[in-house]
Amino acid sequence: MSETAKLTYGGAINAALARSLDQMPETLLFGEDVALPGGVFGVTRGLRKAYGERVFDTPISETAMLGAAVGAAIMGRRPIVEIMWADFMLVAFDQIVNQAANVRYVSEGRLSAPMTIRTQQGNAPGACAQHSQNLEALLLHVPGIRVAMPVQAQDAYDLTLSAVACDDPVVVIENRTLYAGAKAEVQIGGQIAPIGGHRLRRAGDDITVVTWGAITSSVEAAVDATGVSADVIEAVWLNPFDTEAVLASVRRTGRLLVVHEANLTGGFGAEVVARVTESGVPLKTPPKRVGAKDSRIPAAVQLAREVLPQTDEIAAALKAMTR
Amino acid sequence: MSQELADLHAMWRIRVLEETILRLRLDGDVVGSVHLENGQEAIAVGACRRLRKQDAVFSTYRGHGWALARGVPPEKILAELLYRRTGVNGGRGGSAHFSAPEYGFYGENSIVGAGAPIAVGAALAAKFDGSGRVALTVFGDGAMNQGGVTEAMNLAAAMDLPVVFVCENNKYSELTPINDMVRNPDLSARAHALGIPAVRIDGNDPAEVAAAVGLAVTTAEHGRGPTFIEAATRRITGHYIGDAQTYRPAGELEADEKNEPLVRLGQKLGEAQAQKAEQRARDEIAAATERALAAPLTDPSTAREHLYV
Ligand SMILES: Cc1ncc(C[n+]2csc(CCOP(=O)(O)OP(=O)(O)O)c2C)c(N)n1
Ligand SMILES: [Mg+2]
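Residues numbered from 1 in each chain as written. Chains lettered and ligands numbered in written order. Predicted model: local features only at pLDDT ≥ 70, side-chain atom pairs only at ≥ 80, totals over all residues. Heavy atoms only, no water.

Caption draft 1: Here's a closer look at the UniProt feature "domain: Dehydrogenase E1 component" (unreviewed entry) in chain B. Here the UniProt-annotated "domain: Dehydrogenase E1 component" (unreviewed entry) positions come out as residues 13-297 of chain B. Taken end to end, residues 13-297 of chain B is 44% helix and 11% strand, and its two terminal C-alpha atoms sit 25 Å from one another. (UniProt positions renumbered as here; feature names shortened; annotations may be inferred. Helix = DSSP H or I, 4+ residues; strand = E, 2+ residues; numbered from the N terminus.)

Okay, here's the thing in structure tokens:
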């Protein structure tokens, strides 16, 4: 039964977690400060009270947290682990890349690891270099791990549920600048969708823009400001990635721009461009990527602005490509 | 000036620096996450007065005071947080990740526990470079649960490396009490188990800290390897600015405020002396703040410099 509620992005995730804990008794929810304090961003507030010891706080031990998730998942639990910042998953990358990702494949399907890693990434004004990175490409290089990146409250709700219900490891990458934003109408209680798919944020004829993460709003702003007729495809799922949707759009527009906050080199934008060019879809102009300028991220706001993609840079690319 | 008065003055310098940073943050001159060490000043002050020029400090994000105690001028710290050209790293590091190696401050770290293995490496280098360097790494109680810290301690122990591990046990890791996250609240027991001499001290007493660190430095200097110091303290401020601290039991903060190092030593030395120490610190930091604010912002066109040689 579906109904609507006015929720923030953070509230939508909270609602999805509550529903998961409610309807899937095998779920566990744990991480640093998630239970009694309700999360450093308040996203898990109230869940400990409502669901008791299935929701618990952990020591600052990412390796133990993620390894325990793998082990519990193998045994039939459905752990949801919060890694407070994507930067911190690096101290435990082994448990994701060597362990979780391998469980199903090397056991010839005898084992599986239905676990969800919730994390959040990206720069916010003043954040230091170790709290600012966009690391999705590292995960997307690892077959066996699914990756979702919701930006809107509805997607945060839907994707979280799809991730939890998925029988493989899924990393849901959130964004802390969105948690406490404006409330939106969110459909709750509907059917849980399978993983995958994209969202069309703008529809147009002259260019296809593929983007994901919080920078999607900069892309929308650039499209609106320039008046360029663009398809804006938000890849809310990066693995599986909806290549077909992108190809269908580019076939029509003949132009491709990919925008991400992550560094340009080795970013997933390169993969999107490669898939489109390899498909042989005719292009009217060379494809282009806009991303961070291959840099560490400085704490200084005026320096960070230089290295991170800005709306005017996206707008300039839109105009130059459609001129 | 007596050692006690010098300690009190040094602690006041940190307190006023932190108060100033808080004000700048609330006014919007400093942005982003800022972690203050109010209440924990005695550890930085007591430790740094026993370190020598050649020694290297590796702190956490809660490191403004450690940098100051190491001799970094307050103006350069404030300018860093204000993203000025005159900041120690021109604003690249910011509040949580700056360094000033010319003062023996090898930097803050915003990954919990990550400084410990790096400090072990600095000590490893000392084994070969003839510097006589002792590496001191400071981290919180919560960091003890980060695997890398135990790995670092064991490596230092196995190789008899000149490292001082200082654990600032302020009872909380962010919003979670450490005692809920361990079975044995004696964190020094882990060091003992690795064969590292370990002491538990009153981290709100700069003299006690200085004595423990002094002994640790001597031990390290003589090739007898690492020491672990668990310094009990309390932060009398939130984990970050804006932390409502609802996780604290009623009355705890009030009790901690009575036992904090500036109050304690101030009472011992008497109001007249304490006030003088405070005023000197206030005058110095106020002037430093003015200069830091007057300095030009780092030029954005330099943003991509220093990525490679
Ligand atoms: C690897 C890693 N995990 C989590 C965090 C988030 N975090 C920052 S500070 C902190 C608490 C640290 O507590 P403690 O070690 O006791 O130091 P304190 O802040 O109390 O000085 C946490 C969990 C982080 N920065 N790095
Ligand atoms: Mg602590």
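Caption draft 2: Up close: the site of ligand 1. Near ligand 1 you find 20 residues, and of these Glu62 of chain A together with Tyr61, Arg62, Ser110 and Gly142 of chain B are the closest. Around ligand 1, the nearby residues trace back to chains A and B. Between Ala143 of chain B and ligand 1, the recorded distance is 2.9 Å, taken from a backbone N or O atom to an oxygen atom. Alone, ligand 1 offers 580 Å² of accessible surface; in the complex the protein occludes 98% of this. The class makeup of the residues in the shell around ligand 1 is eight nonpolar, seven polar and five charged. (Near = heavy atom within 4 Å. Polar contact = N/O pair within 3.5 Å; in protein donor to acceptor, adjacent residues only side chain to side chain. Areas by Shrake-Rupley, 256 points an atom, 1.4 Å probe, with all protein chains shown as cover. Nonpolar A, V, L, I, M, F, W, Y, C, P; charged D, E, K, R; others polar.)

Caption draft 3: Local environment of the coordination of the magnesium ion (ligand 2). Residues and elements named next belong to chain B. At 2.1 to 2.2 Å from the magnesium ion (ligand 2) lie its protein donor atoms, namely Asp141 (OD), Asn170 (OD1) and Tyr172 (O). Residue class for Asp141 comes out buried when judged on its relative accessible area of 0%. For Tyr172, a relative accessible area of 5% translates into the label buried. (Donors = N, O, S within 2.8 Å, 3.2 Å for Na, K, Ca; no water. Buried < 20%, exposed > 50% of the residue type's maximum accessible area, 1.4 Å probe, protein only.)

Caption draft 4: Inspection of the interface of chain B and chain A at higher detail. The interface is formed by 32 residues belonging to chain B together with 33 residues belonging to chain A. Across the chain B/chain A interface, buried area totals approximately 2,500 Å², and carbon plus sulfur atoms make up 62% of it. Of all residues in chain B, the largest losses of buried area upon contact with chain A belong to Ile111, Met181 and Arg304 of chain B, amounting jointly to 20% of the total for that side. Linking chain B with chain A are zero salt bridges, by the criterion used here. In this structure, the connection of chain B to chain A is made through 14 residue pairs in polar contact (both at pLDDT 80 or more). (Contact = heavy atoms within 4.5 Å. Buried area = accessible area lost by both parts, 1.4 Å probe. Salt bridge = Lys/Arg side-chain N within 4 Å of Asp/Glu carboxyl O.)

Caption draft 5: Structural view of helix 10 (residues 268-279) of chain A. Residues and elements named next belong to chain A. Helix length check: helix 10, at twelve residues, gives a terminal C-alpha distance of 17 Å against a target of 16 Å (1.5 Å per residue), a fit within 8%. Of the positions making up helix 10, those classed as buried are Phe268, Gly269, Val272, Val273 and Val276. Along the axis of helix 10, the buried residues cluster in a sector spanning 150°; they form a single face. Buried-residue contacts for helix 10 involve helix 6 (136-140), strand 10 (207-211), strand 12 (237-239), helix 9 (243-253), strand 13 (256-263) and strand 14 (288-292). Positive phi appears at Gly280, one or two residues downstream of helix 10, with a value of about 85°. (Expected span 1.5 Å × (residues − 1). Arc of directions from axis to C-beta.)

Caption draft 6: Molecular detail of the environment of Val186 of chain A. All names here are of chain A. Structurally, Val186 is set in strand 8 (residues 184-188). Take Val186: its relative accessible area is 0%, and that puts it in the buried class. For the pair Val186 and Gly11, spaced 175 residues apart in the sequence, the C-alpha separation amounts to 9.9 Å. Apart from the residues lying within four places of it in its own chain, the contact partners of Val186 are Glu3, Thr4, Ala5, Leu7, Ala153, Gln154 and Tyr157.

Caption draft 7: Here's a closer look at unusual backbone geometry. Residue Pro240 of chain A follows Asn239 of chain A across a cis peptide bond; omega there is 5°. Mapped onto the elements, Pro240 of chain A comes out in the loop between strand 12 and helix 9. A positive phi angle, close to 80°, is found at Lys171 of chain B, a residue other than glycine. With respect to the element layout, Lys171 of chain B can be found in the loop between strand 3 (163-169) and strand 4 (172-173).

Caption draft 8: Expanded view of the UniProt feature "coiled-coil region" (unreviewed entry) in chain B. When the UniProt feature table is mapped onto this chain numbering, "coiled-coil region" (unreviewed entry) sits at residues 262-291 of chain B. Between the end C-alpha atoms of residues 262-291 of chain B there is a gap of 27 Å, over a span that is 97% helix and 0% strand.

Caption draft 9: Broad picture of the UniProt feature "domain: Transketolase-like pyrimidine-binding" (unreviewed entry) in chain A. Annotation from UniProt places "domain: Transketolase-like pyrimidine-binding" (unreviewed entry) at residues 7-181 of chain A. Taken end to end, residues 7-181 of chain A is 35% helix and 16% strand, and its first and last C-alpha atoms sit 9 Å apart.

Caption draft 10: Inspection of the domain arrangement of chain A at higher detail. Residues and elements named next belong to chain A. Looking at chain A, the domain boundaries give domain 1 (3-188) and domain 2 (199-322). With centres defined by C-alpha atoms, the gap from domain 1 to domain 2 works out at 26 Å. Taken residue by residue, the interface counts 26 residues in domain 1 and 26 residues in domain 2. Summed over the shared surface of domain 1 and domain 2, the result is two salt bridges. For the salt bridge of Arg199 with Asp155, the shortest nitrogen-to-oxygen distance reads 2.7 Å. In this assembly, domain 1 and domain 2 are joined by twelve residue pairs in polar contact (both at pLDDT 80 or more). Listed by contribution, the elements that provide at least two residues to the side of domain 1 that touches domain 2 are helix 6, strand 6 (146-148) and helix 7 (153-165). The leading source of residues in the side of domain 1 that touches domain 2 is helix 7, at four residues. When the residues that make up the side of domain 1 that touches domain 2 are grouped by side-chain class, the tally is 14 nonpolar, nine polar and three charged. (Domains from an automatic or database assignment.)

Caption draft 11: Summary view of the side chain of Asn109 of chain B. Turning to its location among the elements, Asn109 of chain B is positioned in the loop between helix 4 (74-81) and helix 5 (115-129). Of note is the side chain of Asn109 of chain B, whose polar atom sits 3.2 Å from the side chain of Gln130 of chain A. Among the polar contacts listed, one links the side chain of Asn109 of chain B to the backbone nitrogen of Ile111 of chain B, at a separation of 3.1 Å. Look past the residues within four positions of Asn109 of chain B in its chain and what remains in contact with it is Gln130 of chain A together with Ser59, Thr60, Tyr61, Ala96, His97, Ala114, Gly115 and Ile118 of chain B.

Caption draft 12: Examining the sheet that holds strand 7 (residues 227-232) of chain B more closely. Residues and elements named next belong to chain B. The five strands lie next to each other as 1-2-3-7-6, forming an open sheet whose pairing is parallel. Sheet topology places strand 1 (56-58) and strand 6 (198-202) at the edges, where each strand pairs with a single neighbour. Within the sheet, the average angular offset between the axes of one strand and its neighbour, ignoring direction, is 20°. Together, strand 2 (135-140), strand 3 and strand 7 form the strand contacts of helix 6 (residues 147-158), whose direction differs from that of strand 3 by roughly 150°. (Pairing = 2+ DSSP bridges. Axes fitted to C-alpha atoms, helices over the stretch in contact; angles between N-to-C directions.)

Caption draft 13: How the structure looks around the packing of helix 1 (residues 9-23) of chain A against helix 7 of chain A. All names here are of chain A. Between helix 1 and helix 7, the least distance of the axes is 8 Å, while the angle of their chain directions is 30°. On the basis of their axis angle, the class for helix 1 and helix 7 is roughly parallel. Crossing angle aside, the handedness with which helix 1 passes helix 7 is right-handed. Where helix 1 abuts helix 7, its residues Tyr9, Ala12, Ile13, Ala15, Ala16, Leu17, Arg19 and Ser20 lie against Ala153, Ala156, Tyr157, Thr160, Leu161 and Val164. Looking at the contact of helix 1 with helix 7, its residues break down into eleven nonpolar, two polar and one charged. (Parallel < 35°, antiparallel > 145°, perpendicular 65-115°, else oblique. Left-handed = near helix turned anticlockwise from the far one by under 90°.)

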